[in-house]
Amino acid sequence: MNKQVLTTEQMKSLIKLGIDYGKASMCECISSEGKQVYIASDSLSFLPDKKNVTWTVFKVFTLQDIFDMLPKEIIIKKVSYQLNWNPLNGSLRYDNVYGDEGTTLYGCCYIEEEGILYAAYNILVWVLENGYIKTK
């Protein structure tokens, strides 16, 4: 598994939740020969052009793509929760930085045990499931 982009399964789950995959900045390209490459989505013309080789292309999100989609702030009942990534303890969450110290939005704190990309994916799913990103 490439830790720099989401898996095809993760992408499918986001698409089911209504995310526009057209915003993905990378593509996973698999040749009919079994070769797998990752390239920028605007660089598809650079795929090797060999006779009798076809490419299957899947758009995939990077960590930067996910951070760009996540709301930087969620307001619930006039309380502001801001996106906070703490690389010291490996958490990604929405915190109420103006209220009581340590107040975190319930259900929205992920520890990056499997990497920051995995944590960002999980928080994006949470944000989508709770309606904090408008989808199609």
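Per-chain numbering applies: the sequence of each chain, read as written, is numbered from 1 onward. Local features in this predicted model are restricted to residues of pLDDT 70 or higher, and side-chain atom pairs are both shown and tallied only at a pLDDT of 80 or more, whereas totals for entire chains, interfaces and linings draw on every residue. Heavy atoms from the whole structure form the basis of all side-chain values; hydrogens and water molecules are not counted.

Draft legend 1. The arrangement of the nonpolar core in detail. Each nonpolar core is a collection of buried residues, namely Ala, Val, Leu, Ile, Met, Phe, Trp, Tyr and Cys, held together in the definition by side-chain atoms within 4.5 Å. The rule is simple: take the accessible area with a 1.4 Å probe, protein chains only, and divide by the maximum for that residue type; under 20% is buried, over 50% is exposed, in between is partly exposed. By size, the foremost hydrophobic cluster in this structure holds 29 residues, and its most contacted members are Leu6, Leu14, Phe61, Ile66, Leu70 and Leu124. Elements represented by at least two residues in this core include exactly helix H1 (8-16), helix H2 (63-69), strand E6 (91-95) and helix H3 (116-129). The contact criterion used is simple: two residues touch if any of their non-hydrogen atoms lie within 4.5 Å. In contact with Phe61, other than residues within four places in its own chain, are Gln4, Val5, Leu6, Met11, Leu14, Ile19, Asp20, Tyr21, Lys23, Ala24, Ile66 and Met69. Within the second largest apolar cluster, seven residues are counted, among which are Val37, Ile39, Leu47 and Trp55. Secondary structure elements are defined from DSSP: runs of H or I of at least 4 residues count as helices, runs of E of at least 2 residues count as strands, and each element is numbered from the N terminus.

Draft legend 2. Structural view of H1. When H1 is considered as a whole, its buried residues turn out to be Thr8, Gln10, Met11 and Leu14. Taken around the axis of H1, the buried residues stretch over an arc of 160°, which confines them to a single face. Opposite the packed face of H1, turned more than 90 degrees from it, sit the exposed residues Glu9 and Lys16. Following H1 by one or two positions, Gly18 has its phi on the positive side, about 100°. Taken from the helix axis, the directions to the C-beta atoms give the arc we talk about.

Draft legend 3. Representation of the packing of aromatic side chains. Two aromatic rings from Phe, Tyr or Trp, using only the six-membered ring of Trp, form a pair when their centres are within 6.5 Å; if the ring planes differ by under 30 degrees the pair is stacked, by over 60 it is edge-to-face, and anything between is tilted. A complete count under the given rule lists two aromatic pairs for this structure. Considering the side-chain rings of Trp126 and Tyr132, the 5.6 Å spacing of their centres and the 20° angle between planes classify their relative orientation as stacked.

Draft legend 4. A look at H3. Its 14 residues give H3 an end-to-end C-alpha distance of 20 Å, which sits within 8% of 20 Å, the value for a rise of 1.5 Å per residue. Taken across its 14 residues, H3 has 12 buried, putting it largely inside the fold. Those residues of H3 that sit buried are Ile116, Leu117, Ala119, Ala120, Tyr121, Asn122, Ile123, Leu124, Val125, Trp126, Val127 and Leu128. Gly131 occupies a position one or two residues after H3 and carries a positive phi of about 75°. In a helix, the anticipated span is given by 1.5 Å times the number of residues less one.

Draft legend 5. Geometry of the confidence of the model for the chain. Confidence scores per residue from the predictor, reported as pLDDT, run from 0 to 100. Mean pLDDT for the chain: 83, with 88% of residues reaching 70 or above. The lowest-confidence element of the chain is strand E7 (residues 104-111), averaging 61 in pLDDT; the highest-confidence one is H2, averaging 95.

Draft legend 6. Region of the structure containing the environment of Ile74. By the secondary structure assignment, Ile74 is in strand E4 (residues 73-76). Once the C-alpha coordinates of Ile74 and Ile133 are considered, the two residues, 59 residues apart in sequence, prove to be 9.9 Å apart.

Draft legend 7. Region of the structure containing the state of the cysteines. For the purposes of this analysis, a disulfide is any pair of cysteine sulfur atoms at a distance within 2.5 Å. For the structure shown, the criterion picks out zero disulfides. Sulfur of Cys27: no disulfide; nearest cysteine sulfur belongs to Cys29 and is 5.4 Å away. The exposure class of Cys27 is buried, given its relative accessible area of 0%. Exposure remark for Cys29: the relative accessible area of 0% places this residue in the buried category.

Draft legend 8. Just the sheet that holds strand E2 (residues 36-40), in detail. The pairing criterion for strands is at least two bridges between them, as found by DSSP. Read from one edge to the other, the open sheet built from three strands follows the order E2-E1-E3, with strand pairing classed as antiparallel. Looking at the sheet topology across the chains shown, the edges are occupied by E2 and strand E3 (55-60). For this sheet the average axis-to-axis angle between neighbouring strands, irrespective of direction, equals 25°. Note that strand E1 (residues 26-31) and E3 share six bridges and pair antiparallel. The partner of Met26 across the bridge, within E3, is Val60. Simply put, an axis is a line fit to the C-alpha atoms, just over the touching stretch for a helix, and the angle between two N-to-C directions goes from 0 to 180 degrees.

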